[in-house]
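The chain contents come next:
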Amino acid sequence: MSTDNTPAVPAVPAQPPQLFKGIVKQALSGDCIIIRGQPKGGPPPERQLNFCNITAPRLARRPGGPTGKADEGKDEPCAWEAREFLRKKVVGKEVTFVVDFKVPASGREYGTVYLGKDTETGENVTEDIVREGFASVRKAVKSDVTKLIELEEQAKSAGRGKWAADSEKHIRDIVWQVENPRQLLDKVGRKPVSAVVEYVRDGSTVRVLLVPSFNYITLTMSGIRCPGVKLGQDGKPDLASKEPFSEEAKFFTESRLLQRDVEIILESVNNANLVGSIIHPNGNIAELLLKEGFARCIDWSMGFVTGGAENLRAAERYAKEKKLRIWKDYTVSAANSTTASLMAKDKEFVGTVTECVNADALVVRLTDGSLKKIFLASIRPPRPSEQGGDKEKPKGKPVRPLYDIPFMYEAREYLRKKLIGKKIQVSVDYIQLASQTFPGKICCTVKHEGANLAEALISKGYATVVRYRQDDDQRASEYDALLAAEAKAQMGLKGLHGKDIPVHHVVDLSGDAAKSKLFLPHLRRAGKISAVVEYVASGSRLRLYVPSESRLITLILAGISCPRAGRAAGGPLGVAVEGEPFGQDALAFTKDLCLQRKVEIEVDSIDKAGNFIGVLSIENKNLSLALVQEGLATVHFSAEGTQYNGPLQIAEGNAKARRAKIWQTYEDTKDEIKPEDDKAERKVDQKPVIITEITPELHVFVQYTDDGDKLVALMNDLRRELNEKPPLTGAYTPKKGDLCAARYSGDGQWYRARVEKTLPDGEVAVVFMDYGNRENVKASKCATLPAIPAVSVPPFAKEYALVCVKLPTDEDMVADALYALRRDTNNDVFLLNVEYKASGLDYITLADKTSKEDITQNLVKEGFLLVDNRKERRLQKLVKDYQAAEKEAKTKHLNIWQYGDITEDNAREFGMGR
């Protein structure tokens, strides 16, 4: 900001000099500064002071400003150097100043600034500016400027500053707005860039000038967010929306960074703003803001923080513990209290993995022999909504998540091959308490040979990171490492983030005698075949997956009989089944030896239920022989005549001699899966309509375009009848449920209406039945419908609801969603298709008549609506498209997703709604 046209004669006579002290906050130009006082319980007062008797070159202003000058976007020669000289000399330093005079009309103050504690010993900044050639002396003043003129002549003689011969070359080429932030990010990389902070919008958002390229950018600090103030409709801060401690946070950042030389590291792009870290010689400002309680950690950008986020998380924990500022009401949740109350041996322990449950849970055997199920903290395994996993299944086939959900099998296999039978280090991060919908979960950070398993899964794209509310502390101890791994996986298009979707066409032969018989000759010819044990039903009955054949089979061990294990209520039989003695021991032995391990099988025959009968070996150890040796099985008569009969008889004899366990026969059991069969197909019969009204519940009223002429005729007949025979005022008293004629306030015309309720002050609430809009009208503006045939036709406006979507719970977000729907459906014709009916209301899709684009899907894609996951098979293609649109909106942090995942299913499943 330059200070041209200093008045030759002050409008107000100079008062006796009065000394003021303050700290220079900002240098607006080479001859103007802002001085602030000392803070006392909040941001201090400020005043602008222009240097008396001098004029510095004018700095450029952003084009399009209030002056509208064509050349305002360029500096005068040496304007930047003058501002920089003054900035480096006085910003952040204590000064003494004298106000020489004040212009009454503008309130602008002119004076002299001394760098020091008084005018006698302090350095006269005005003289320094003139001495360096960065300002001209105004000679048409009454003040004594002799010394300034001498200094100016010296600067001219020496060719300093603006008096240099090449001063015309000292003009910046300023880039006021970066057109492509992503391109700038890729160009700069993650290397430190020199910059000057020019403006502080709030505690965590600043506008900086990159030097020497002179690019202006808006930078949001990675990993944190400070309280702020929302902008109103006029583009100015709306003080009513000011968050607590927003001013204090802004002052904290201003007092340390404004117009300071810093280094910034660009790390990401969020919409049009760049995201990065600001490095000051005294440290990272983000860490200081967190430690003082002026900011909170933000998960979505935490993974970008250069050097990791451990220090930021630690600073936030410190502020929470001390209950500083925004954390003054912070309390530890009940779930966190439960986790904190765990004994040391329960919080950290070592175990051996016995089973990998899908992609996010493990069953481990502890040192005392007990089993414990744990979950990998803060990760979400692949789900049907990911990567098209909700494709329609063939009719009559059950859903098998391990094989049908993309990348679920790959994730499970990665854990199985790496962990089964291996020791792991477990650290409990939090306990998710049980609810009516979900069981309790022990969520942990699990490491094998020093590697974090959750991080490894995410880095390969086999899982994603759970997003939490900002006030939810229940998360993995290395949560930020998970976010960083996910960001790398997304950039590398790995797994769930890529385009290639693995498909596993697995045929399940279990319980299908016909198919099993057809496959038996092939298995016999193949001899020894590799397989993976997926499930152990009893000591001698196993469910196997044969990768080379993509088949699931049930194998019964040949030549032995095992005692039956008990079953709990709710199993395949529906009731509890009492087990035989040592049946549970046999089951545990086989599970411990074989579950989820690679084995070899030789199939010999098949039973009448389609279960294969054969021999299973693991690491050259015959499972049948091992069970008999342990006294957990007896030799069956079917073993006679086989090559294994001799060893089995010897093992049984040895077990009997030792009186080991108990020998009894077994009873076949088999798991039956009852497939659901939904044969209904989605029907498409689109009708052209126009939208007449949108309700707060996201319902729409439509008129079919084919009824347009009928509606016009009805309106003409109704109004002609009422105009020719005007109703008498007060002759009609509307009652709830009445069909009547009512005048609409928008145009004063008569329309058909239905009375919804009566109100005080002689008003009634009506709905205009041919348009769907509601209004409170005076009873005197209602009349009995005239006795003409047309008024008996059904309403032309029909109410519908949008299919497979729902509104968010936040009121502001609801208002934004309704506004977006009104915007997208204003004054146009759309194609309506009825999808299903629920609670007496038809649910529809709306498509643009010209582009055929689904209006609802576009709103989901823009982040205004949530997807309601309907289960009908005929809707799965539609639900899949909507889920893909929702995922895109989440990834881009659009509207309701700007701060992460806010859906209620996450709240219930991952401990975010307690």
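Residues numbered from 1 in each chain as written. Predicted model: local features only at pLDDT ≥ 70, side-chain atom pairs only at ≥ 80, totals over all residues. Heavy atoms only, no water.

### Notes on the overall build of the chain
1) Next: Regarding its fold elements, the chain presents 23 helices and 45 strands.
2) Next: Counting all 914 residues of the chain, 48% fall into the buried class.
3) Next: Within the chain, counting contacts between residues at least 6 apart in sequence, those at least 24 apart form 64% of the total.
4) Next: Looking at the chain as shown, the accessible area adds up to about 45,500 Å², and 50% of this sits on carbon and sulfur atoms. (Helix = DSSP H or I, 4+ residues; strand = E, 2+ residues; numbered from the N terminus. Buried < 20%, exposed > 50% of the residue type's maximum accessible area, 1.4 Å probe, protein only. Contact = heavy atoms within 4.5 Å. Areas by Shrake-Rupley, 256 points an atom, 1.4 Å probe, with all protein chains shown as cover.)

### Overview of unusual backbone geometry
1) Next: Each neighbour pair has its own omega, and for valine 211 with proline 212 the value is 5 degrees, a cis peptide bond.
2) Next: On the secondary structure map, proline 212 appears in the loop between β10 (205-210) and β11 (215-221).
3) Next: In this model, glutamine 596 sits at a positive phi of 60 degrees, which is unusual for a non-glycine residue.
4) Next: Tracing the sequence through the fold places glutamine 596 in the loop between α16 (583-594) and β30 (598-606).
5) Next: In this structure glutamine 596 comes out as buried when scored by relative accessible area, which is 3%.
6) Next: Its identity is not glycine, yet cysteine 804 carries a phi of approximately 60 degrees, on the positive side.
7) Next: Here cysteine 804 is to be found in the loop between β41 (797-802) and β42 (805-806).

### A few points about the sheet that holds strand β38 (residues 763-767)
1) Next: Ordered in space as β39-β38-β37-β36-β40, the five strands form an open sheet in which the pairing is antiparallel. The outermost strands of the open sheet, each flanked by one partner alone, are β39 (774-778) and β40 (782-784). The average undirected angle you get between the axes of adjacent strands in this sheet is 50 degrees. (Pairing = 2+ DSSP bridges. Axes fitted to C-alpha atoms, helices over the stretch in contact; angles between N-to-C directions.)

### Quick word on a negative patch on the surface
1) Next: Among the surface-exposed residues, Asp810, Glu811, Asp812 and Asp816 lie close enough to one another that they form a single negatively charged patch.
2) Next: Within the secondary structure, aspartate 816 is located in helix α20 (residues 811-824). (Patch = residues over 30% accessible without salt bridge, like charges linked within 9 Å, V, L, I, M, F, W, Y side chains within 5 Å. Salt bridge = Lys/Arg side-chain N within 4 Å of Asp/Glu carboxyl O. Lys, Arg positive; Asp, Glu negative; His and termini not counted. Charge placed at Lys NZ, Arg CZ, Asp CG, Glu CD.)

### A word on the confidence of the model for the chain
1) Next: For the chain, per-residue confidence averages 85 on the pLDDT scale, and residues scoring 70 or more make up 89% of the total.
2) Next: Mean pLDDT across the elements of the chain ranges from a minimum in helix α23 (residues 904-909), with 42, to a maximum in strand β2 (residues 32-36), with 96.
3) Next: Segment residues 663-679: pLDDT under 50, and 45 contacts once partners within four positions in sequence are set aside and those in other chains are kept.
4) Next: Note that residues 904-914 has pLDDT below 50 and, in this model, 34 contacts with residues that lie over four places away or in other chains. (pLDDT = per-residue confidence, 0-100.)

### Some thoughts on the nonpolar core
Side chains of a nonpolar character, in soluble globular proteins, are inclined to be buried together.
1) Next: Judged by nonpolar contacts, the single largest core of 89 residues is most densely connected at Ile264 and Leu362.
2) Next: In terms of residues, this core owes the most to one element, helix α12 (residues 408-419), which gives six residues.
3) Next: Setting aside its immediate chain neighbours within four residues, isoleucine 264 contacts Lys191, Pro192, Val193, Ala195, Val208, Leu210, Ile217, Leu219, Ser277 and Ile278. (Core = buried A, V, L, I, M, F, W, Y, C linked by side-chain atoms within 4.5 Å.)

### Quick notes on the environment of leucine 648
1) Next: Structurally, leucine 648 is set in helix α18 (residues 645-657).
2) Next: Owing to a relative accessible area of 4%, leucine 648 belongs among the buried residues under this scheme.
3) Next: Sequence separation between leucine 648 and alanine 626 is 22 residues; the distance between their C-alpha atoms is 9.2 Å.
4) Next: Not counting chain neighbours up to four residues away, the residues in contact with leucine 648 comprise Gly559, Ile560, Ser624, Leu625, Val628, Val635 and Ala639.

### Re the packing of aromatic side chains
1) Next: The final tally for this structure, using the stated rule, is 18 aromatic pairs.
2) Next: Centroid distance tryptophan 80 to phenylalanine 214: 5.5 Å. Interplanar angle 85 degrees. Geometry classified as edge-to-face. Taken together, the positions of tryptophan 80 in helix α1 (residues 79-90) and phenylalanine 214 in the loop between β10 and β11 put the pair 134 residues apart, joining distant regions of the chain. Across the pair, phenylalanine 214 and tryptophan 80 agree in class, each one buried.
3) Next: Aromatic ring contacts, followed pair by pair, group Tyr744, Tyr751, Phe768 and Tyr771 into a single cluster.
4) Next: When the ring centre of tyrosine 318 is taken as reference, the NZ or CZ atom of lysine 291 above it lies at 5.4 Å.
5) Next: The ring centre of tryptophan 327 lies 4.9 Å from the NZ or CZ of lysine 320, which sits over that ring. (Phe/Tyr/Trp six-rings, centres within 6.5 Å; stacked < 30°, edge-to-face > 60°. Lys NZ or Arg CZ within 6 Å of the ring centre and 35° of its normal.)

### A word on the pattern of salt bridges
1) Next: Scanning the entire structure with this criterion turns up 43 salt bridges.
2) Next: Close ionic contact of glutamate 888 with lysine 892 constitutes a salt bridge, the shortest N to O distance being 3.0 Å.
3) Next: The partly exposed category is assigned to glutamate 888, whose relative accessible area is 28%.
4) Next: By sharing partners, the salt bridges in this structure join Arg83, Glu84, Arg87, Glu198 and Asp261 into a single network.

### With respect to the sheet that holds strand β34 (residues 687-694)
1) Next: Taken together, five strands build a closed barrel; the order of strands is β34-β35-β41-β44-β43 and the barrel is mixed. For this sheet the average axis-to-axis angle between neighbouring strands, irrespective of direction, equals 55 degrees.
2) Next: In this structure, strand β35 (residues 699-704) lies alongside β41, joined through five bridges in antiparallel fashion. The residue bridging valine 700 from the neighbouring strand is tyrosine 800, located in β41.

### Considering α20
1) Next: With 14 residues, α20 extends 20 Å from end C-alpha to end C-alpha; this agrees with the ideal 20 Å at 1.5 Å per step.
2) Next: What α20 keeps buried is the set Met813, Val814, Ala817, Leu818, Ala820 and Leu821. An end-on view of α20 places all buried positions within 160 degrees of arc, on one side of the element. Facing away from the buried surface of α20 by more than 90 degrees, the exposed residues are Glu811 and Tyr819.
3) Next: Against the buried residues of α20 lie β34, β35, β41 and α21 (855-861). (Expected span 1.5 Å × (residues − 1). Arc of directions from axis to C-beta.)

### A word on the environment of tyrosine 216
1) Next: Its place among the elements puts tyrosine 216 in strand β11.
2) Next: Separated by 19 residues in sequence, tyrosine 216 and valine 197 place their C-alpha atoms 9.7 Å apart.
3) Next: Ignoring sequence-local partners within four residues, the contact set of tyrosine 216 consists of Arg172, Ile174, Val175, Trp176, Gln177, Val178, Glu198, Arg207, Val208 and Leu209.

### As for the pairing of strand β5 (residues 94-102)
1) Next: Sheet topology note: the strand β1 (residues 19-29)/β5 ladder contains five bridges and is antiparallel. The residue of β5 that forms the bridge with leucine 19 is valine 98.
2) Next: Summarising the sheet, β5 and strand β6 (residues 109-115) pair through six bridges and their orientation is antiparallel. Paired with phenylalanine 101 across the two strands is tyrosine 110, which belongs to β6.
3) Next: The turn linking β5 back onto β6 is made up of six residues, and glycine 107 within it adopts a positive phi angle of 75 degrees.

### Observations regarding the side chain of aspartate 854
1) Next: Relative to the helices and strands, aspartate 854 resides in the loop between β44 (841-848) and α21.
2) Next: In terms of polar contacts, aspartate 854 uses its side chain to reach the backbone amide nitrogen of glutamine 857, at 3.2 Å.
3) Next: Apart from the residues lying within four places of it in its own chain, the contact partners of aspartate 854 are Thr845, Leu846, Ala847, Leu878 and Tyr882. (Polar contact = N/O pair within 3.5 Å; in protein donor to acceptor, adjacent residues only side chain to side chain.)

### A short note on helix α19 (residues 708-724)
1) Next: Over its 17 residues, α19 extends 24 Å from the first C-alpha to the last, a length consistent with the 24 Å expected when each residue adds 1.5 Å.
2) Next: The complete set of buried residues in α19 reads Leu711, Leu714, Met715, Leu718, Arg719 and Leu722. When α19 is viewed along its axis, its buried side chains cluster within an angular range of 120 degrees and face the same direction. For α19, the exposed residues set more than 90 degrees away from the buried face come down to Asp709, Lys710, Asn723 and Glu724.
3) Next: On its buried face, α19 sits against β35, β36 (739-743), β37 (750-759) and β40.

### Quick notes on the state of the cysteines
1) Next: For the structure shown, the criterion picks out zero disulfides.
2) Next: With no disulfide of its own, cysteine 444 lies closest to cysteine 443 among cysteine sulfurs, the gap being 6.9 Å.
3) Next: Taking relative accessible area as the criterion, cysteine 444 reaches 2% and is therefore assigned buried. (Disulfide = S-S within 2.5 Å.)

### Some thoughts on the environment of glutamate 168
1) Next: Note on placement: glutamate 168 falls in the loop between α3 (146-158) and α4 (181-188).
2) Next: The spatial distance from the C-alpha of glutamate 168 to the C-alpha of proline 77 is 5.3 Å, given a sequence separation of 91 residues.

### Observations regarding the pairing of β37
1) Next: Inspection of the sheet shows β36 paired to β37 by five bridges, in the antiparallel sense. The residue bridging cysteine 740 from the neighbouring strand is alanine 753, located in β37.
2) Next: The pairing of β37 with β38 spans five bridges and is antiparallel. Across the sheet, arginine 754 pairs through a bridge with valine 767, a residue of β38.

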